[in-house]
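# Fold and contact review
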Amino acid sequence: MRTRKTVTAAVAFAAATSLALTACQGSDGGDDAGATKPATVEKQEKKGGAVLDQPFEKPDLTLTDTHGKSYDMIEETKGHPTLLYFGYTHCPDVCPLTMSNIASAKAGLKKKLGKKALDDLRVVFVTTDPKRDTPEELGKWLRGQDPSFIGLTGDFDTIQAGARSVGVHVEPSYKKKNGDIVSTHGAQLLAFSPKDDKAHVLYTEGNTSPEILEKDLPKILKGETP
């Protein structure tokens, strides 16, 4: 029988800010290289996310969506089960893998539960590289994952503050002397309950496989902890 470790928000925040930061570098053309693997918040949480005894409040973010329109995250996702991830489209591995895993889990659940069961789910991808991730570029990238995914971009300082409020540490992108661009992203996927709009479950890179997410999502959709 699976056991799920409960962790405090403070512990998750401290671990996330000190460990779960990934730096990736690449050329302006998008041929990225030199990625480093992020450490997980709870290494023992290989069978599912960590349940927080002090849930995170949803970040107060008003950004621009892939259609160029203003998107107030709190208002737009209110009452909806929501998965939130901070990453960027030029990431060579972790970001596309995480979003692909979510898309695969959704596809599996549609076959089991039907499309209507997933209509309320909101999957929000907030870029940590807004200079390169324009609404158009972000939209094109996300459509290759799942057309229903919501992409947000905007002012980096606003994004950084929103990420920090849920324990995700990111730094501004910068260009090296050789022209490579170095960007960062967190390794956390946060699951917000439709009942109170708070994140009760936190996943890291090591435990976001399609199998894990497909098993956990039915409960998350109902506002329960897996």
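Rules behind the numbers
- Residues numbered from 1 in each chain as written.
- Predicted model: local features only at pLDDT ≥ 70, side-chain atom pairs only at ≥ 80, totals over all residues.
- Heavy atoms only, no water.
- Disulfide = S-S within 2.5 Å.
- Buried < 20%, exposed > 50% of the residue type's maximum accessible area, 1.4 Å probe, protein only.
- Helix = DSSP H or I, 4+ residues; strand = E, 2+ residues; numbered from the N terminus.
- Polar contact = N/O pair within 3.5 Å; in protein donor to acceptor, adjacent residues only side chain to side chain.
- Contact = heavy atoms within 4.5 Å.
- Core = buried A, V, L, I, M, F, W, Y, C linked by side-chain atoms within 4.5 Å.

Our focus in this paragraph is the state of the cysteines. Using the criterion set out here, one finds zero disulfides in the structure. No disulfide involves Cys91; its nearest neighbouring cysteine sulfur is the one of Cys95, lying 3.5 Å away. The class of Cys91 is buried, set by a relative accessible area of 5%. Assessed through its relative accessible area of 0%, Cys95 is described here as buried.

All right, on to the side chain of Asp197 then. Relative to the helices and strands, Asp197 resides in the loop between strand 12 (188-192) and strand 13 (198-204). Judged by relative accessible area, which is 17%, Asp197 ranks as buried. In this structure the side chain of Asp197 is engaged in a polar contact, spanning 3.2 Å, whose partner is the side chain of Lys58. Setting aside chain neighbours within four positions, we find Asp197 in contact with Lys58, Thr77, Lys78, Gly79, His80 and Phe192.

Turning our eyes to something else, we now look at the nonpolar core. Grouped together as the largest cluster of nonpolar side chains are 28 residues, with contacts concentrated most on Leu83, Met99, Ile102, Phe125 and Tyr203. Secondary structure elements with two or more residues in this core: strand 7 (82-87), helix 3 (94-113), strand 8 (122-127), helix 4 (135-143), strand 12, strand 13 and helix 6 (210-221). A total of seven residues in this core trace back to one element, the largest contributor, which is helix 3. Beyond its immediate sequence surroundings of up to four residues, Phe125 is in contact with Tyr85, Gly87, Tyr88, Cys95, Met99, Leu138, Trp141, Leu142, Ile150, Gly151 and Leu152.

Remember that the coordinates give geometry; whether it matters functionally is a separate question.
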